[in-house]
Amino acid sequence: MKKVVILISGRGSNMKAIVENVQKGILQNYCEVVEVFSNKPDAEGLGIATKMGLKTFSIASRKEKNYNGLLFEHLKEITPDFIILAGYMKILDAKIVKYFERKIINIHPADTKLHQGLNGYKWAFRNKLSKTKITVHFVDEGLDSGEIIDQIEVDISNCQTLIEIECKGLKIEHKFYSECLKKILK
Ligand code: GAR
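Because the structure is predicted, anything quoted here is derived from the model rather than measured.

**Q** Explanation requested: the overall build of the protein chain in the structure shown.
**A** Tallying secondary structure elements over the protein chain gives 6 helices and 7 strands in all. If you list the helices and strands of the protein chain from N to C, you get β-α-β-α-β-α-β-α-β-α-β-β-α. Whereas a compact globule of 186 residues would reach a radius of gyration of roughly 16 Å, the protein chain reaches 16 Å, a difference of no more than 12%. Principal-axis analysis of the C-alpha atoms gives the protein chain an extent of 45 × 35 × 30 Å. The proportion of buried residues among the 186 residues of the protein chain is 47%. Counting only contacts in the protein chain whose residues sit at least 6 apart along the sequence, the fraction spanning at least 24 positions is 63%. Approximately 10,000 Å² of the protein chain is accessible, and the part contributed by carbon and sulfur atoms is 49%. Distance between charge centroids for the protein chain: 2 Å, based on 29 positive and 23 negative side chains.

**Q** I would appreciate a short explanation of the side chain of Asp 144 in the present structure.
**A** Here Asp 144 is to be found in the loop between strand 6 (131-138) and strand 7 (148-155). There is a polar contact of 3.4 Å between the side chain of Asp 144 and the side chain of His 108. In terms of polar contacts, Asp 144 uses its side chain to reach the backbone amide nitrogen of Gly 117, at 2.7 Å. If we skip the residues at most four places from it in the chain, Asp 144 touches Asn 106, His 108, Thr 112, Gln 116, Gly 117 and His 137.

The rules behind these values
Residues numbered from 1 in each chain as written. Predicted model: local features only at pLDDT ≥ 70, side-chain atom pairs only at ≥ 80, totals over all residues. Heavy atoms only, no water. Helix = DSSP H or I, 4+ residues; strand = E, 2+ residues; numbered from the N terminus. Rg over C-alpha atoms; globule rule 2.2 N^0.38 Å. Buried < 20%, exposed > 50% of the residue type's maximum accessible area, 1.4 Å probe, protein only. Contact = heavy atoms within 4.5 Å. Areas by Shrake-Rupley, 256 points an atom, 1.4 Å probe, with all protein chains shown as cover. Lys, Arg positive; Asp, Glu negative; His and termini not counted. Charge placed at Lys NZ, Arg CZ, Asp CG, Glu CD. Polar contact = N/O pair within 3.5 Å; in protein donor to acceptor, adjacent residues only side chain to side chain.

Just distances and angles here, no functional claims.
Rendered as structure tokens:
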């Protein structure tokens, strides 16, 4: 059974979907979520994780000058097989990425070849795209530049607002991320 840690920064809906799949869905018997970590101590997702029976931990990236060093030491102590980023809105330090090479996975709400960084759905909305792609990829030292594990197309031609795009996309993310993780965890 693989040991995974999930890193979040906010709402944590992808984290919740993954944990549900670990507890009673397609990821059952594939991995154990040893911790949900956040760089924001008040992240909504931490409360959700606690309610789901998980161990949580946070280091305030805003307050800790040596945030990256502390996070690196913490992750080394946990010795996870995989680090799953689920709405973790900070760039991981190169040292961490190198140490856990091909062990860090991220979900991005756009095609990483076309849009990197924040606000992937806003980018699709502003550019009036009729379809966009959600990408699951390994994390390397660049910004959303790591090897793509898989992508899924989302038809947003009928969406009138950014909220509609986000709702449709997130619903797909919640299923797709666990499917991709299952392939990797095998
Ligand atoms: C998700 O849409 C995820 O793809 C995106 O942030 C949202 C987090 O939602 N990630 C990125 O934009 C990373 N560049 P959640 O906290 O409810 O899972």
